[in-house]
Amino acid sequence: MQPKNVRFLYRPAFRLKAIPIIQPPRKVLRHSQHCRSNIWKKTFHSTAMAKSKFEYVRLFEADDRCLPNTWIVVRVDGKGFHKFSTEHEYEKPNDIKALSLMNRAATSVMEEFKDVCLAYGQSDEYSFVFRKETQAYSRRSAKLSTNVCSLFTSAFVYYWNEYFPTSKPRYPPVFDGRTVLYPSNQNIRDYLSWRQADCHINNLYNTTFWTLILKGGLTPAEAESKLKGTLSGDKNEILFSQFGINYNTEPEMLRKGTVLVRRKVPVALPNGGTREKSQIVQEHVDIIGDEFWNTNSHLLTVT
Ligand code: GTP
Ligand code: MG
């Protein structure tokens, strides 16, 4: 049956739901027959006029809200940082100042977005993990990735001088950003393991590659061909036997990347006492094994 106060725009031959146009209640309609400037017209027509006839274009905006109850990861990655790192004379294979600047920019993101429970960074990338139940920006994918990416990039430039006091960026650095969803705790752990394994593989390769060049006097082409087909054990052996470098004693930030989490830390009070305060701290720990997750089980618990 046709509902009251509803007129159908069209009745398709096949029985699809027709689009209803809501009409004014009958009482108002009757009144409107005698009064040209009736309340209905005034209220609805004038509002429609105020919104302009172009308002409909909003309907072209896609609804990109992320699925509820899923982990949201926003990952930012430097655009063309192979060139950027060369142009800005980053130390090879790792520049502690540059990596520390990345950590500082990521800390700014976590300071702003309280629903980011953990961030992980290595090389020119950072991943931000939002709580499963976050309602930040109504979980809108583009809003999340663009805001995180924009803040990260501006913080990277804002704090540049603290880490590179004698130079300024030669051109504006660019980071891309994407939002990815992970439904289960295992998925989010595997995602973070993937990024940390990537850090390990790349860093071991780069450390051996640049040691062969800088200390071994090889050309980049020679170093590349020497490393072709080698496994991680072979690279460890080259470093140790030829250069006396024990890869396992290299700084943990370089081998494991950086995890940012919030921890309660004691802060000094003016009266001499201390009180606990939540702070964003940097840790360079293994997040592939179970130990980190057993110690930090709250991170994967929905609150
Ligand atoms: P796109 O991300 O595809 O735009 O390319 P990219 O050039 O940024 O390469 P990618 O993200 O795959 O890798 C990051 C690159 O940044 C590395 O290959 C290095 O060349 C450079 N990089 C990152 N961190 C350091 C560092 O501490 N020292 C040096 N020397 N280079 C670094
Ligand atoms: Mg990059």
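Since the model is a prediction, treat every value here as computed from it, not as a measurement.

What to know about the packing of aromatic side chains
At step 1: Under the criterion given, the structure shown has 24 aromatic pairs.
At step 2: One aromatic cluster is present, formed by Phe81, Phe84, Tyr90, Tyr126, Phe128, Phe152, Phe156, Trp160, Phe164, Tyr171 and Phe175 through successive ring pairs.
At step 3: The aromatic ring of tyrosine 171 is capped on one face by lysine 83, whose charged end is 4.7 Å from the ring centroid.
At step 4: If you follow arginine 104 out to its NZ or CZ, it ends over the ring of tyrosine 159, 4.0 Å from the centre.

Focus: the UniProt feature "binding site: GTP" (unreviewed entry) in the protein chain
At step 1: Residues given the UniProt feature "binding site: GTP" (unreviewed entry) here are Asp77, Gly78, Lys79, Gly80, Phe81, His82, Ser123 and Asp124. These annotated residues cover 48 residues of sequence, and their C-alpha atoms all fall within 12.2 Å of one another, placing them together at a single site. Annotated residues from the preceding list that form part of the lining of the largest pocket: these are Phe81, His82, Ser123 and Asp124.
At step 2: For aspartate 77, the location among the structural elements is in strand S3 (residues 71-78).
At step 3: With sequence-adjacent residues up to four places away left out, aspartate 77 is seen in contact with Asp124, Glu125, Val174, Phe175 and Asp176.

A few points about the pattern of salt bridges
At step 1: A complete count under the given rule lists 13 salt bridges for this structure.
At step 2: Put simply, aspartate 290 and arginine 189 hold a salt bridge, and the shortest N to O gap is 2.9 Å. In this pair, aspartate 290 is assigned in the loop between strand S8 (274-283) and helix H11 (291-295) and arginine 189 in helix H7 (residues 185-214), connecting sequence segments 101 residues apart.
At step 3: Accessibility expressed as a relative area gives 46% for aspartate 290, which makes it partly exposed.

Digging into the site of ligand 1
At step 1: Taken together, 15 residues surround ligand 1, and among them Asp77, Gly80, Phe81, His82 and Asp95 come closest.
At step 2: Note that an oxygen atom of ligand 1 is positioned 2.7 Å from one of the backbone N or O atoms of phenylalanine 81.
At step 3: Protein contacts shield 65% of the accessible area of ligand 1, which totals 640 Å² for the unbound molecule.
At step 4: Its atoms largely coinciding with the cavity grid, ligand 1 occupies the largest pocket.
At step 5: Put simply, the parts of the chain that give the shell around ligand 1 at least two residues each are S3 and helix H3 (81-87).
At step 6: The biggest single contributor to the shell around ligand 1 is H3, with three residues.
At step 7: Tallied by class, the residues present in the shell around ligand 1 amount to three nonpolar, six polar and six charged.

What to know about the coordination of the magnesium ion (ligand 2)
At step 1: Here the magnesium ion (ligand 2) is held by the protein donor atoms Asp77 (OD), Gly78 (O) and Asp124 (OD), which lie 2.1 Å from it.
At step 2: Taken together, the six donor atoms coordinating the magnesium ion (ligand 2) span angles of 80 to 175° at the metal, a pattern that classifies the geometry as octahedral.
At step 3: Mapped onto the polypeptide sequence, the residues donating to the magnesium ion (ligand 2) form the spacing pattern D-G-x45-D. With glycine 78 in strand S3 and aspartate 124 in the loop between strand S4 (116-122) and strand S5 (125-130), this pair connects stretches of sequence that are 46 residues apart. Taken individually, glycine 78 and aspartate 124 each receive the classification buried, so the pair is uniform in this respect.

Let's talk about the sheet that holds S5
At step 1: Across the sheet, six strands lie side by side as S6-S3-S5-S4-S7-S8; this open sheet has antiparallel pairing. The open sheet has two edge strands with one neighbour each: strand S6 (175-182) and S8. Each strand axis lies, on average, 25° off the axis of its neighbour in the sheet, ignoring direction.
At step 2: As judged from the six bridges shared by S3 and S5, these two strands associate in the antiparallel manner. In the strand pairing of S5, aspartate 77 is matched with glutamate 125.
At step 3: Seen against the sheet, helix H4 (residues 96-112) touches S4, S5, S6, strand S7 (258-268) and S8 and runs at an angle of roughly 70° to S7.
At step 4: Here H7 sits on the sheet in contact with S3, S4, S5 and S6, set at roughly 25° to S4.

Parameters at a glance
Residues numbered from 1 in each chain as written. Chains lettered and ligands numbered in written order. Predicted model: local features only at pLDDT ≥ 70, side-chain atom pairs only at ≥ 80, totals over all residues. Heavy atoms only, no water. Phe/Tyr/Trp six-rings, centres within 6.5 Å; stacked < 30°, edge-to-face > 60°. Lys NZ or Arg CZ within 6 Å of the ring centre and 35° of its normal. UniProt positions renumbered as here; feature names shortened; annotations may be inferred. 1 Å grid on protein atoms, 1.4 Å probe; cavity = no way out; pocket = protein on both sides within 12 Å on 5 of 7 lines; lining within 4 Å. Helix = DSSP H or I, 4+ residues; strand = E, 2+ residues; numbered from the N terminus. Contact = heavy atoms within 4.5 Å. Salt bridge = Lys/Arg side-chain N within 4 Å of Asp/Glu carboxyl O. Buried < 20%, exposed > 50% of the residue type's maximum accessible area, 1.4 Å probe, protein only. Near = heavy atom within 4 Å. Polar contact = N/O pair within 3.5 Å; in protein donor to acceptor, adjacent residues only side chain to side chain. Areas by Shrake-Rupley, 256 points an atom, 1.4 Å probe, with all protein chains shown as cover. Sits in = over half its atoms within 2 Å of the grid points. Nonpolar A, V, L, I, M, F, W, Y, C, P; charged D, E, K, R; others polar. Donors = N, O, S within 2.8 Å, 3.2 Å for Na, K, Ca; no water. Tetrahedral: all angles 85-135°; square planar, octahedral: opposite > 155°, others 65-115°. Pairing = 2+ DSSP bridges. Axes fitted to C-alpha atoms, helices over the stretch in contact; angles between N-to-C directions.

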